[in-house]
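What follows is the residue order along each chain.
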Amino acid sequence: MKLLFEKSVPGRRGVRPCRSDVPTSIHINERLLRPKPPQLPELSELDVVRHFTELSRRNFGVDTNFYPLGSCTMKYNPKVSEIIGGYPGFADLHPLLPQLRMGGILTQGALQVLYETDLLLREITGMAAFTMQPLAGAHGELTGVMIISAYHRDRGSRRTTLLIPDSAHGTNPASASIAGYQVQAVPSDATGVMDVQALRRMLNDQVAGLMLTCPNTLGLFNPHIKEICRLVHEADGLVYYDGANLNAITGMVRPGDIGFDIVHINLHKTFATPHGGGGPGAGPVGVVERLADYLPVSLVVKRDDGTFALEYDRPKSIGYVAPFYGNFGVILRAYVYIRMLGREGLERVAANAVLNANYVKEKLKGHYDLPFAQACKHECVFSARRQMEQHLHAIDIAKALIDAGFHPPTVYFPTIVKESLMIEPTETESRETLDGFIEAMIEIARRAQTDPDSLRSAPRTTPVGRLDETAAARQINVAFPEVG
Amino acid sequence: MPFIANTDQQRQQMLREIGLRPEDLFADIPPELRCGRLNIPEGISEQEVRRQLTELAGKNSTELVCFLGGGFYDHFIPAAIDALAGRSEFYTAYTPYQPEISQGTLQAIYEYQTMICRLTQMEAANASLYDGGTALYEAMTMALRITGRNKIILDDSVNPIYRVIIESYSRNLRIEFVPTRNDDGLANRCEILENLDAQTAAVIVQNPNFFGCVDDYRDLSVAVHEKGALLIVSCYPLALGILKTPGAMGADIVTGEGQSLGLPLSFGGPYLGFMATRRQYIRKMPGRIAGQTTDAEGRRGFVLTLQAREQHIRRDKATSNICTNESLCALRALIYLSLLGPTGLQEVAQRCADKASYAYQRLTALPRVTSRFHRKWFFNEFVLDLPGPAADVIARLVEKGFAAGFPLSRYYEDMDRSILIAVTEKRTKQEIGMLAEALEAQL
Amino acid sequence: MIPSDLWYTKEHEWVRFDGQSATMGITHHAQEQLGEITFVELPAPARRIKAMDPIGSVESSKAASEVYSPVAGEITEVNGRLESEPELINQSCYQDGWLCKIQAQGGPETFGLMNAGQYEQYLQEQ
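Residues numbered from 1 in each chain as written. Chains lettered and ligands numbered in written order. Predicted model: local features only at pLDDT ≥ 70, side-chain atom pairs only at ≥ 80, totals over all residues. Heavy atoms only, no water.

1. Section: the state of the cysteines
1) Next: Enumeration over the complete set of coordinates arrives at zero disulfides over all chains.
2) Next: Between Cys352 of chain B, a free cysteine, and Cys18 of chain A, which holds the nearest cysteine sulfur, the sulfur-to-sulfur gap is 8.1 Å.
3) Next: Among the cysteines around Cys100 of chain C, which has no disulfide bond, Cys93 of chain C carries the closest sulfur, lying 15 Å off.
4) Next: The class of Cys100 of chain C is buried, set by a relative accessible area of 0%. (Disulfide = S-S within 2.5 Å. Buried < 20%, exposed > 50% of the residue type's maximum accessible area, 1.4 Å probe, protein only.)

Structure (structure tokens):
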């Protein structure tokens, strides 16, 4: 398919800007101007509409295909949230307005959404206070690590190390390192969860804390989790809950009750805001009472007269982590989702997500190697080890699934399982959909035996076949060259 | 149950088939860790949620005539953007890990990167970052990595909202910050050159700067490069429809806030941080990057490339912890630029400048209202000094239906009487006249 | 695939000693693990290094690996061909795909390097 730039016709116009209704009195000095306008494509509005409509048809999304991408919680995104996100009272609201005197009163609805989402998240996680500012999950991690650092600094200690299990998402060590910490990986034990004995040996007075995803990236809940929190606290460290897998325990277990000190939540996962092809997300961070003073500024507070206001006077705060109050449009959609699910809906999220994952696991375990056989939580991890006898890899199974009409699971992560296939169905998927997927996976396992070449040549139903990623990295072409 | 597909009957059937009891699913969670009943209201229907949220939206005033800017602007958004970016094949997809079924997203990212390069006249752009502020922070750490130095010169005409973000992120890092004080509204050449030395990793400036003043940093880039340092320029992308580009000025890293390119203000986000650099620094750039390649049959396709820089491979040695970009926001910016084209973008930028200059003439003609900076060129935003505290006047104007501007006392100690006024193409001659009258009545 | 005249590290680097001049690269096993190499980051010549200092990295489209100096000394030369032909490491990791030369302050014993037999055993244990 052609690029926008290849469709350009000199002189063609799309949307026309408004006419000028003012006399021009000041002309900016020419030396400050660009000699020619930027070389953008020249297209009609219809050209643009056809182009992007055609592009959209080259994508799988949750609305078009089952999307069991492990660790990404690709659940259904309700349409009503999109409608509400577009209400002019929200979409057209300038973020500086509440910072003007008399402006706060004109943004009460938006401040109330932020305040109430904060309260709902406190109740869901068992934390004492939240910041809505972090703009993504990884941004929440960074904010959380900055809070850990501020806490220790405030107590006059400079600790250097954060402990992170070897199964963690790559963002954990990256966030810790960016905030100035050294990272030590805690090994997993034979059952696939963090090794408590190893943790015990690694704890010392240089350890600022532990970052943990629970259940972990194998979809396994660590039964010693309470003990783990206790050990870290005994060593004067803090325990950070990476909320990437919160969907597995939503409505059933609260990180705050377990003993975690800091939590971030990926609203785009657990609370069904659209993933947008890779963002925008939102990563609010919750903390226990003793850490509340370190949260970023500003915070939305409710005054005695029932109005909402922004509070800036927080001397121990880590400062600003985002330009305003977070990704408001994303927070708003999550708020709508939580209100619609309500208590009784939230209490069933985990139960259904976990049942769906175990259903897939049990039905496929005869056909694929299952490294950890115990009941999983929201996702299950298989290995393509058995298929390797036919010299096939996880990627071949993934590509064959595409031809069957399914988005593949996450492959090659977590790295502690060789040739891993990580499947997360979510609670919004029906049994019929799961059965279709299971059937396709079994058929692929069968073809791996009888006709392995057919898997190696997949996918065949897509606009392009497997792409040469080595060539992309060697001959770097990241922008279409300009003409002339 | 809303959004949960399986019926009770189906669940029982599924459990039976896999030979498990409901309690088996959570046997690994110690019973004492289970939470009781959540203190959260019962769920509500779509009809109810729309009624309640309509009510909440109604408590926000969008009726004010908006002259607020500060890096975030009330620009016109063509209808086709919502229609196209609202296609759920785009918004319900995720990061394009499987390129064969993500060519829509990947080609759009490649086209977006190309647009950003052409707009800024730089050689390589990434797939986007969270917002203009975090993008500027990422540019700074990129300069530290490239140069292996630790000193940053940061002029106070750079958006203070970004400066405070950079400050909080840098608290644990060994960075020597040298803040310089603007020289009558422009980046302070004397102070910057005085501090520029062999330890300097980068000089950070903005164009148009926070006060709306337009500059040419060619002289600075020459001086900066002589010392082996980098020039980072934060910019306003819509203004690049007419303004000299950071690329032409010799910038090494360019960032900015893309909200002006077809994104709603949405009370502070989601927004769009963009970043572009020179070819030689591409491997030091954070974030996703889409690249062109081919399949076995020679068909062109796009993939995420140079992933070895990123957190999922490099973990604690990655260029950044960033995992996602702001793909949907970048898509909106791409559609905006496609719809306007070169002439359209030039016209919108020119309208903004024209209307701002008209407003400037009208407002500086008022008694006791003066221009803060002398004989400086501005794009669509300017600073005026009022006879009394600006915050008071602004508060009274809010009551008259105007978001007249932003009081600079919030970030600059000696600017108690200064107001920052932004004018976009959406403001009419009549609205500008009404603001002038309302302001005159308050003086 | 483990030449007997070279010395090895646990990080899968090899060294060839020619008097005090040490030529180093990554082993067959290392390049196989990485897959098709797309980029090599080389150290600056004349840089003084300690043993096991990180001196560069090797990337494929899906993985990346730091390269550590097997010896202490001063970098005297880097393999400039790798800039445009990173695939040399896949094709000829012990010859054309060498990474750099170091004026070494000591021999194999000084830096506790493994001989071919020891390295082979180490690989089997992994």
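From this point on, the discussion continues.
2. A closer look at the sheet that holds strand E7 (residues 253–257) of chain B
Residues and elements named next belong to chain B.
1) Next: Strand order across the open sheet formed by seven strands is E2-E8-E7-E6-E5-E3-E4, with mixed pairing between neighbours. In this open sheet, the two strands that pair with only one neighbour each are strand E2 (124–125) and strand E4 (176–180).
2) Next: The sheet strands contacting helix H5 (residues 103–120) are E2, E7 and strand E8 (273–277), and the helix crosses E8 at an angle near 70°. (Pairing = 2+ DSSP bridges. Helix = DSSP H or I, 4+ residues; strand = E, 2+ residues; numbered from the N terminus. Contact = heavy atoms within 4.5 Å. Axes fitted to C-alpha atoms, helices over the stretch in contact; angles between N-to-C directions.)

3. As for the layout of surface pockets
1) Next: The volume enclosed by the second largest pocket comes to roughly 1,700 Å³.
2) Next: Contributing to the lining of the second largest pocket are 50 residues, with Ser177 of chain A together with Arg145, Asp316, Lys317 and Ala318 of chain B lying nearest its centre.
3) Next: Of all elements in the fold, only helix H5 (137–154), helix H6 (171–178) and strand E3 (182–186) of chain A, helix H6 (132–147) of chain B together with strand E4 (37–41) and strand E6 (54–60) of chain C reach the threshold of two or more residues within the lining of the second largest pocket.
4) Next: The dominant element in the lining of the second largest pocket, judged by the number of residues it contributes, is H6 of chain B, at six residues.
5) Next: Taken together, the residues of the lining of the second largest pocket sort by class into 17 nonpolar, 16 polar and 17 charged. (1 Å grid on protein atoms, 1.4 Å probe; cavity = no way out; pocket = protein on both sides within 12 Å on 5 of 7 lines; lining within 4 Å. Points joined across faces, edges and corners; volume = space filled by probe spheres on them. Nonpolar A, V, L, I, M, F, W, Y, C, P; charged D, E, K, R; others polar.)

4. With respect to the pattern of salt bridges
1) Next: Under the definition given, this model contains 61 salt bridges over all chains.
2) Next: Across the pair Arg230 of chain A and Glu234 of chain A runs a salt bridge whose closest N-O atoms are separated by 2.4 Å. Within this pair, Arg230 of chain A and its partner Glu234 of chain A are both found in helix H8 (residues 225–234), separated by four residues, close to a single helical turn.
3) Next: Its relative accessible area of 56% is what places Glu234 of chain A among the exposed residues.
4) Next: Salt bridges here are not isolated pairs; linked through shared partners, they connect Asp156, Arg181, Arg372, Asp385 and Asp414 of chain B. (Salt bridge = Lys/Arg side-chain N within 4 Å of Asp/Glu carboxyl O.)

5. Details of H5 of chain B
All names here are of chain B.
1) Next: The end-to-end C-alpha distance of H5, which contains 18 residues, comes to 25 Å, matching closely the 26 Å that a straight helix rising 1.5 Å per residue would cover.
2) Next: In terms of burial, H5 is a largely internal element, 18 of the 18 residues being buried.
3) Next: Looking one or two places after H5, you find Gln121, whose phi comes out positive at around 60°. (Expected span 1.5 Å × (residues − 1).)

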